[in-house]
Structures are given as structure tokens and as C-alpha cells.
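Understanding the architecture of this molecule
Here is what each chain is made of, one letter per residue.
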Amino acid sequence: MPLSPQRPRVTRVRLVTLLAASALAVGGSAGLSVTPAHAASKSVVISAVYGGGGNSGAPYQNDYIELYNGGTSSIDLSGWTLTYYSASGNSGGTTTLSGSVAPGAHFLVQEGAGAGSAEPLPTPDATGSLNMSASNGSVVLRQSGATVDTVGYGAVTSSYVEGSNAPAMSNTTSDSRTTGCVDTDDNAEDFVTADPKPLNSTAPVGECGTDGKTPPPPTGTPSTIEEVQGTSFQSPLVGKQVKDVKGVVTATNGSAGFWIQSTTPDDDPRTSEGLYVFGGAGMVKVGDAVTVAGKVTEYRPGGVDNGNLTTTELGSPNIQVTSSGNALPDAVEIGSKGHVPPAQTVEQGDPGNVEKAGLTLDPTTNALDFWESMEGMRIQETDAKAVGPTETSYGETPIVPANTKEVTTTPDGGVLYRSYDTPNAMRLILSDALLPKGTIAPANTGDTYRGVTAGVLDYDFGNFTLMATSAAARESGGTTRDVAKPAAKKQAAVATFNVENLAPTDPQTKFDRLAGQIVTNLASPDVLAIEEIQDNNGATDDGTVDSTQTTDKLIAAIKAAGGPSYKAEWINPENDQDGGQPGGNIRSVFLYRSDRGMTFVPKAGGTATNSVAVTGKGKWASINYSPGRIDPTNKAWDDSRKPLVGEFLWWGKPLFVVANHFASKGGDDPLMGRYQPPQRSSEVQRHAQATAVRGFVDELLKANKHANIIVLGDLNDFNFSETANIVKGSGKTKMTDLIDTLPANQRYSYDYQGNSQVLDQLLVSPALAKKFDYQVVHTNSQFYDQDSDHDPQVVKLPVH
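Notes on the structure follow. What you are looking at is a predicted structure, and each value in this text was computed from that prediction instead of being measured. (Residues numbered from 1 in each chain as written. Predicted model: local features only at pLDDT ≥ 70, side-chain atom pairs only at ≥ 80, totals over all residues. Heavy atoms only, no water.)

1. Details of the overall build of the protein chain
Keep this limit in mind: Numbering of helices and strands starts at the N terminus; helices are DSSP runs of H or I of at least 4 residues and strands are runs of E of at least 2. Here's how the labels work: a residue is buried when its accessible area is under 20% of the maximum for its type, exposed when over 50%, partly exposed in between, all with a 1.4 Å probe on protein chains only. Residue contacts follow a heavy-atom distance rule, with two residues in contact if any of their heavy atoms lie within 4.5 Å. Accessibility throughout is a Shrake-Rupley quantity obtained with a 1.4 Å probe, and a residue counts as covered only by protein chains that appear here.
When its secondary structure is counted, the protein chain shows 7 helices and 45 strands. Principal-axis analysis of the C-alpha atoms gives the protein chain an extent of 105 × 60 × 45 Å. Burial statistics for the protein chain: of 800 residues in total, 57% are counted as buried. If you take every contact in the protein chain between residues at least 6 apart in sequence, the share linking residues at least 24 apart comes to 69%. If you sum the accessible surface of the protein chain, you get close to 29,800 Å²; carbon and sulfur atoms cover 50% of it.

2. Quick look at the nonpolar core
Quick reminder of the rule: Here the nonpolar core consists of buried residues drawn from Ala, Val, Leu, Ile, Met, Phe, Trp, Tyr and Cys, with membership extended through side-chain atoms lying within 4.5 Å.
Counting residues in each nonpolar core, the largest one holds 37 residues, and the members touching the most others are Leu-368, Trp-371, Met-374, Ile-379, Leu-428, Phe-464 and Met-672. Contributions of two or more residues to this core are made by helix 3 (367-372), strand 21 (378-386), strand 24 (428-431), strand 25 (448-460), strand 26 (463-470) and strand 41 (750-752). Residue contributions to this core peak at 4 residues, all from helix 3. Dropping the residues within four chain positions of it, Leu-428 is found in contact with Trp-371, Ile-379, Glu-381, Thr-397, Pro-398, Ile-399, Leu-457, Phe-464, Thr-465 and Leu-466. Judged by nonpolar contacts, the second largest core, of 29 residues, contains Ala-492, Leu-738, Tyr-774 and Val-795.

3. Description of the state of the cysteines
The condition is simple: By disulfide we mean two sulfur atoms from cysteines, separated by a distance within 2.5 Å.
Tallying each qualifying case throughout the model produces 1 disulfide. Residue pairing for Cys-181: its cysteine sulfur links by disulfide to Cys-208, the two sulfurs lying 1.7 Å apart. Taking the torsion about the S-S bond as the criterion, the Cys-181 to Cys-208 disulfide, at about -60°, is left-handed. Of this pair, Cys-181 sits in the loop between strand 11 (174-177) and helix 1 (187-190) while Cys-208 sits in the loop between strand 12 (191-194) and strand 13 (221-222), and the two are 27 residues apart along the sequence. Of the two residues examined, Cys-181 and Cys-208, each falls in the buried class.

4. Focus: the pairing of strand 24
Remember that side chains alternate between the two faces of the sheet whenever the strand is regular. Short version of the rule: DSSP-based pairing: two strands are paired if at least 2 bridges between them are found.
Neither face of strand 24 is exposed, since Leu-428 and Leu-430 on one face and Ile-429 and Ser-431 on the opposite face are all buried. Two strands pair when backbone bridges link them, and strand 22 (residues 396-400) and strand 24 are joined in this way by 4 bridges, in the antiparallel orientation. Along strand 24, the bridge assignment pairs Glu-396 with Ser-431.

5. Overview of the sheet that holds strand 10 (residues 146-153)
Note the cut-off: Convention adopted: a line fitted to C-alpha atoms gives each axis, helices being fitted over their contacting stretch, and angles between N-to-C directions are expressed from 0 to 180 degrees.
Within the open sheet, the 4 strands sit side by side as 5-4-9-10. Their pairing is antiparallel. Each edge of the open sheet is held by one strand with a lone partner, namely strand 5 (91-96) and strand 10. On average, adjacent strands in this sheet sit at an angle of 15° to one another, irrespective of strand direction. Sheet topology note: the strand 4 (residues 80-85)/strand 9 (residues 137-143) ladder contains 6 bridges and is antiparallel. Residue Trp-80 lies in a different strand from strand 9, and its bridge partner there is Gln-143.

6. Considerations on helix 6 (residues 683-703)
Applied cut-off: Expected span of a helix, by definition, is 1.5 Å for each gap between consecutive residues, and there is one gap fewer than residues.
Relative to the 30 Å expected for 21 residues at 1.5 Å per residue, helix 6 spans 30 Å between its end C-alpha atoms, a close match to the ideal helical length. All of the buried residues in helix 6 are Glu-683, Arg-686, Gln-689, Ala-690, Ala-692, Val-693, Arg-694, Phe-696, Val-697, Leu-700, Leu-701 and Ala-703. Summarising the contacts, the buried residues of helix 6 are in contact with strand 33 (614-615), strand 34 (622-623), strand 36 (644-650), strand 37 (653-661), strand 39 (709-714) and helix 7 (722-728).

7. Some remarks on the sheet that holds strand 8 (residues 126-127)
Strand order in the open sheet made by the 6 strands is 8-7-2-1-11-12, with mixed pairing throughout. What marks the edges here is a single partner per strand, and that holds for strand 8 and strand 12. Bridge analysis of strand 11 against strand 12 gives 4 bridges, and the strand direction is antiparallel. For Asp-175, the partnering residue across the bridge sits in strand 12 and is Thr-193.

8. Digging into the pattern of salt bridges
What counts is decided by this rule: A carboxyl oxygen of Asp or Glu within 4 Å of a side-chain nitrogen of Lys or Arg is what we treat as a salt bridge.
Applying the stated criterion across every chain yields a total of 25 salt bridges. In this structure, Arg-450 engages Asp-383 in a salt bridge whose closest nitrogen and oxygen atoms are separated by 3.3 Å. Note that Arg-450 is positioned in strand 25 and Asp-383 in strand 21, a separation of 67 residues in sequence. Assessed through its relative accessible area of 37%, Arg-450 is described here as partly exposed. Where salt bridges share partners, they join Asp-149, Arg-177, Asp-183 and Asp-190 into one cluster.

9. Considerations on helix 5 (residues 548-560)
Just so we agree on the cut-off: Read the arc as the range of directions from the helix axis to the C-beta atoms.
For helix 5, with 13 residues, the first-to-last C-alpha span of 18 Å sits near the 18 Å given by 1.5 Å per residue. Listed in full, the buried residues belonging to helix 5 are Thr-550, Thr-551, Leu-554, Ile-555, Ala-557 and Ile-558. One side of helix 5 carries all its buried residues, which in axial view fall inside an arc of 160°. On the buried face of helix 5, the contacting elements are strand 28 (492-502), helix 4 (508-521), strand 29 (527-533), strand 30 (567-569) and strand 31 (587-592). Just past helix 5, the residue Gly-562 takes up positive phi, approximately 95°.

10. So, the side chain of Gln-757
Here is the rule we go by: In protein, a polar contact means a hydrogen-donor-capable atom and an acceptor-capable atom, both N or O and within 3.5 Å, with residues adjacent in sequence counting only if both atoms are side-chain atoms; elsewhere, any N or O pair within 3.5 Å suffices.
Note that Gln-757 resides in strand 42 (residues 755-757). Among the polar contacts listed, one links the side chain of Gln-757 to the backbone oxygen of Asn-755, at a separation of 3.2 Å.

11. A few points about the environment of Asp-760
Looking at where Asp-760 falls in the secondary structure, it is placed in strand 43 (residues 760-764). Non-local contacts of Asp-760, meaning those with residues more than four positions away in its chain, are made with Asn-498, Gly-713, Asp-714, Ile-739, Ser-749, His-790, Asp-791 and Gln-793. A polar contact of 2.9 Å, which involves the side chain of Asp-760, links it to the side chain of His-790.

12. Things to note about the packing of aromatic side chains
For clarity, the threshold we go by: Geometry of aromatic contacts follows a simple scheme: Phe, Tyr and Trp rings, the Trp one being its six-membered ring, pair when their centres are within 6.5 Å, and the pair is stacked under 30 degrees between planes, edge-to-face over 60, tilted otherwise. Geometrically, a lysine NZ or arginine CZ counts as sitting over a ring once it is within 6 Å of the ring centre and also within 35 degrees of the ring normal.
Scanning the model with the defined rule gives 17 aromatic pairs in all. Consider the rings of Tyr-50 and Tyr-64, whose centres lie 5.5 Å apart with planes at 40°: the pair is tilted. Taken together, the residues Tyr-50 in strand 1 (residues 44-50) and Tyr-64 in strand 2 (residues 62-69) connect sequence positions 14 residues apart. Taken individually, Tyr-50 and Tyr-64 each receive the classification buried, so the pair is uniform in this respect. Ring centres 5.5 Å apart and planes at 90° place the aromatic pair Phe-590 and Phe-648 in the edge-to-face group. With a gap of 58 residues between them, Phe-590 in strand 31 and Phe-648 in strand 36 connect regions that are remote in the sequence. The same class applies to Phe-590 as to Phe-648, namely buried. Site record: aromatic cluster; members linked through ring pairs are Phe-370, Trp-371, Tyr-459 and Phe-464. The aromatic ring of Phe-783 is capped on one face by Arg-481, whose charged end is 4.2 Å from the ring centroid. We note Lys-665 situated over the ring of Phe-718; from NZ or CZ to the ring centre the distance is 4.2 Å.

13. Section: the environment of Gln-508
Mapped onto the elements, Gln-508 comes out in helix 4. Taking relative accessible area as the criterion, Gln-508 reaches 39% and is therefore assigned partly exposed. Sequence-wise, Gln-508 and Thr-615 are 107 residues apart; in three dimensions their C-alpha atoms are separated by 42 Å. Here Gln-508 is in contact with Lys-553 and Ala-557, once residues within four sequence places are set aside.

14. What about the packing of helix 4 against helix 5?
Helix packing geometry: the angle between the two helix axes and the distance between the axes. Applicable threshold: Oblique is the label for any angle not under 35 degrees, not over 145, and not in the 65 to 115 range, which are roughly parallel, roughly antiparallel and roughly perpendicular in turn. Each helix crossing is assigned a hand: it is left-handed if the near helix lies turned anticlockwise from the far helix by less than a right angle, otherwise right-handed if that turn is clockwise.
Running from N to C, helix 4 and helix 5 point in directions that differ by 60°, and their axes come no closer than 8 Å. As the angle between them shows, helix 4 and helix 5 are arranged oblique. Handedness of the crossing formed by helix 4 with helix 5: right-handed. Across from Gln-508, Phe-511, Asp-512, Leu-514, Ala-515, Ile-518 and Val-519 in helix 4, the residues of helix 5 making contact are Thr-550, Lys-553, Leu-554, Ala-557 and Ile-558.

15. Let's talk about the environment of Ala-608
With respect to the helices, strands and loops of the structure, Ala-608 is situated in the loop between strand 32 (598-600) and strand 33. What makes Ala-608 buried here is its relative accessible area of 14%. Counting along the chain gives 36 residues from Ala-608 to Asn-572, while the straight-line C-alpha distance between them is 6.3 Å. In this structure Ala-608 touches Ile-571, Asn-572, Pro-573, Glu-574, Arg-629 and Pro-632, once residues within four positions along its chain are discounted.

As C-alpha cells, this is what we get:
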């Protein structure tokens, strides 16, 4: 697991009620422009839509769609349908119509009901079950599959809209055609916000439409963007209504909102000139000059009780577009004079919660302040360096400025997290969320985005993020996967590899690629400690705990890749007691090959709940169970993987291997969060786990001070951590953590948000520390097409 808990993989959603669109179009049109779906209707049109039925404050229990026949003859609705689409274009269902609508008459279609209690609609002419959004969506009227009319309302980003978007609605407002129900094929021109007034076929003939509602004038304190942002981590105006906030739209965030930036910046480096407006993105476009009123809020990603910073924003906005096509403010060049982020100082001193410490931003000293002072502004990096691989599922790549200094650089171009005092706080997450998919090429560690990459600065789940609006082309840094040399005849090769939730339900390609790494990159070691092997049906939580199908499938893939015939040893855990993905029952497993002199010493009796123990003394020192688990009922292992111990013989010489997968870092504060310095609450459990493992090692060394012991696996902690120090021990029985024997800039097996770091370790007892050949084999952590998020590592050594 990473340095701090990974953010939930969900899109940020913020609820908003938009004011009437008649307040949006002052001095310019607003909305998304698309090609009309059809020629202007001459007969039946959608005359009104309402999606707030049964919601809080709604006047009616059901949603509805109203049709109007503006022609001179009756229309048979057989074969006609109404389909609802979400703001992004996903279908929400279809209502099939029947009956007819007379000339000049209305036709009321009742749709889904909300959970609240409100008045029933007038008797409907047709009934469906569509559950429409109260604010953003589309309705399409079709005859025999051909589009007759389309209404896209609110922040619609799909093609289901005519011209520009109709106004966003609410629980208490509908969209109605203007008086006369003229259809110009421009929803913004044809519809206005109005009180819901559903009309059925009994309504007066020949009357259609409304002039809508006149929204109240904006209220609040006149403010500038800089006054809203203030000089600290949260706005001094939070919770207050403000108005007359002027800026130019610099980027839009789908249907969620948009960023604006002042064109008349102040001279205070502490105040940001940018601001996020939550809501109304479908009503504006980049380059629009706007005047906004709204409520100042602080949005915290992931909820209120975590370590993330908040983002200042304006909610429930009233938006006036005053002009369009304006030039955007210049982007701040990160890394240029006066704009160099402090690399190794997140926040000076020990302030605790920076949002409540009464701090005034100091951008020249503190990285957190540096980035906060530009929240929401346009920034850019020229020749940005990728210091970690792109997470392709989310289009996110950690980057640093080209002229970054005060860091330890890895041989392949990453930046090393070498101590708690080297956070590498100049890192940004480059996101492609505002661009079409594939616009930004995925990168490996060491690649460069050659040229200018620009966008707006946001904050999301523990990191400041460059939300790109334009990106440079990727230039390869030439990073290649490592290949270890095969062990010599008398060298035992022992490796550790976290295969990231491997289950039989995974694609065969994952097994094949992992097998390729084991055979080619690790050179088929004699013993493999594999972490995160799931049970026979993966994450299906039905009580299955055995993992024979998983290991058999991996062993077969290794054989097919040209590797040796491996055998597997493990102990099934109790169901849902070892943490990890629910239902997966991950565990550590030994794979071993016996064709080079390695044999496994089986000793029956080991179970999920009984403990391995040391037996005998001197050269007869051994263990009672092989495989066995270390003190599995110890509370240190609650909801966590228990260590697996196996006794092997290398050409007849005993070798004890302890495979580990310690508790994750879930719950720790992010490096770039509100609590400074970050608190690492999860390490308490790992310290207890390390103590238990070290206790077993001490017992074995007490029985035989020359015992050959290897402790390895995913310790989920750094080589400089107290967890690692406990396992190492001290004095004559101190184990050697082999990663500490590498040059400092090569000590990493994992990349988290652009920090190359150690989570996986391989330690040897004094008897094995005299001569060894050790390597972290970088096959995953630096590559966007990784097969696991961990790099394996292998040691080759004689066993006496």
C-alpha cells in the first residue's frame, strides 16, 4: 500500500441548484452549441419538462413531459416515444406513447414519482416511469425512431440538445416553451424557467407557453476573486453570499462547474486570482467574461473527516455573461523566477491543522502555501518531467518542473522519497480530465512532456493537480525493464513479488505477463515469496478460502513461458480475516523449484490459527510446522495478513524463509494535507507486527546463532522507518536490510504519486550477510503498463 491512502476512484460530485437561465444570458449567449438534430418542428413539440417531482419542496409528486400540437390536424401518437438521457448522454429509459393529440391541444405524460409527498398531476394522457434529473438532462421525442424534437436542459454535455442548452431546472421549477410555443431549434431561445403548470388534453386549445419567471436580483457583498480567496488556507468569507465577482472563464469541468480568473490582479502574492464556480458549466464557455454571485463554500474531497485540504468555491451561482471571446490571463510558469515551489518544506514548524492555525500564507517558504496561493489559477510547466507512471485508468501522471533542484534523482529519472524530511513537494499530478481521452500520452518515469503543458490548478485527494487544458507531446526517457542475471550453480536465488490481487478471474494476459517477469526478469528464482494471491473466485465473498486455482494458473503460465515446474505452499486464511479486497482472502504463498538443489521440508499441522514454533538447538534447530504462521491470533494481525514461514534445504543446508505482507498505510495523513506534519497512525499496527516477526527470528537465532534466515515481502513501510528497524534488530543478531546496501538513489521498489520509495524489503540473518548478489528488479513501478504496482527483488547467495 502507498504512502497515504489512495483516493476513492470516483468522480467528484457536488450538488447545486442553479438560478434561472434568464439571468445567465446578459450581453451574450451561454451554453453548449451543437448541430440541430432536425429541422424546426411544424407540428408536435415538447412544450414543457419537469424533473423535480416528489423531491424536497416539489409542488407535484411526479415528473412530467408535456407535448403541444401546433398544427392544424390531429396527430396519432402510435409509434411515438419519449426517451430521457442524463447530462452525459446515458439513456434513462423510454416511454411509449399512444392515443392522439388534437390540433392546438396539449398532451400530458406522467413520469416517475419521487419519495416525498406532493400534489398529484392533473389526469395524465399517458403514463411512464422515467426518473428525470431535476436540474440537468435531455428528453427526445421520436416518431418511428426518427427524432421529432429534443430538449436539453441544464449542464448537458451530450449531443441531445438543440442549439444551446435550455435553463437548468430545480425541484420547484420547470422548463416551458415561450409564449406561442415556437420551435427555433435552439433550446436556450425556446425555453424559460417557469413554475410547474402541467397541462393535459382538457386544457384550453390554442394557448401554449409562458414568459417565464423573473429571477430576483443577486444578493450579497460585492467582492473580488482575491477577496473571496483571502490570504490563508480558507476564505475569510466562507458561508457568506457575495456578488459582482468578475472574471474570465478559463476552463470548464464537464457538467460540474468552471474556473474563472481575474483580469485585474492585485499585488499580493498570497491571494489567488482564480476561483472555482460550482454549477452552471453548461451555460458558459472558455473566454466568456462573467459576473457571478453565490455562496462562498469550502469543498473537501472525500468528506469532512479526512486530511485533505479544502478548495474555495462559489456555490448556487447566479451567472451573467457580459462578453465572449476574451483572451485568457497569462499562465504562471512554474519553475520561473519567483515561482519556484519549495521542494522539501511542506509547512515550516509544527502547526497541526493549517486551516485552523491562523496561518497567513508564506509562498516563498512553504510548498503548501505556494500552491494554495495559486488555487484555481492558470499555470503551466515547460518540458515537465514525469516522475512516476501514468495511472491510465484516471489519466493522472506525477510531474515536476524541468529545472527541479534539491532532490535525489533515481537513475531512471524519478525523485526519491528518502526520509520523512524529503517530501518532494514540487510534484504535481497532471490530469487529462478536462481533455478528450487520449489527448495526453501516457508516460513512464523519466519521460518528458516536451513543450508547454497548461491548465488550471486544483486540489484533489491529497495532491495539487494541474487540470490540463493543453498538453505537450510526450518524449520517451528510454526507461526499460530490468533483467536479473541467473544465479550461479551454488547460489540460492530467493525473491519477493507482490502480484496485486491476483485471482483466477483475472485475464490470462495478467498471468502471462507476470510469468514473463518471473522467468525472464527474475531469471526463475529457486524460491518466490508471492504476496496478494487471492482465493479461487477472487473478490466473490462466498466463504471460499482455498487458492489452488490461482497458484495452479500462475504455475502453468510460468511453465508456458519457458520456466521451470514450480510447486506452491501456503496456508488458507480464515474467511475475511486477513484484510485486503473483501472476499479475496489474500495471502502469501511460496513458489519453489526443486531442479537446482532446493527442496521444501513439509511439516504438517500448520493452520490459519495455530502458531509456528522453534524446535531443537544448534544444527538441529528447526520449526514445528512448515509451512506455518507466526502467532496468528496476536491482535497485531487483526484484519491483516499473517506471516508465512517455510523451512527449505539448499543442497541439504537449512534455510528458513519468512514471507510478509504487513498492514497498509490506510488512514495516514497525506503529505500535502491539512495536518502538518502528517500523522502516520497506521504504523502502530506495523510496529506490533514487526515485533512479532522479530521475536520469531530471535527465537530461531537463540536456538542456532548461525541459522540461515530470510525475512522478505511487502512490509508496507520505508527502509528508514521504525517498522524496518524493529525487524532488523540490533547487536550481533542484527539482520541486514539488503536495500540499504544499494546506492542511495537506487533504494526504491514502488512509486506513489511521483515519490519513488521502499515498501518491499528483503532482510538476511548474519550468516547470510557475508556474500550476496542483490537487486531490485524494476519491472512495474516505473511503467504505465505495469502488471503489478510493486517491483520484485531477488537475492542470490550461498547457503552454508
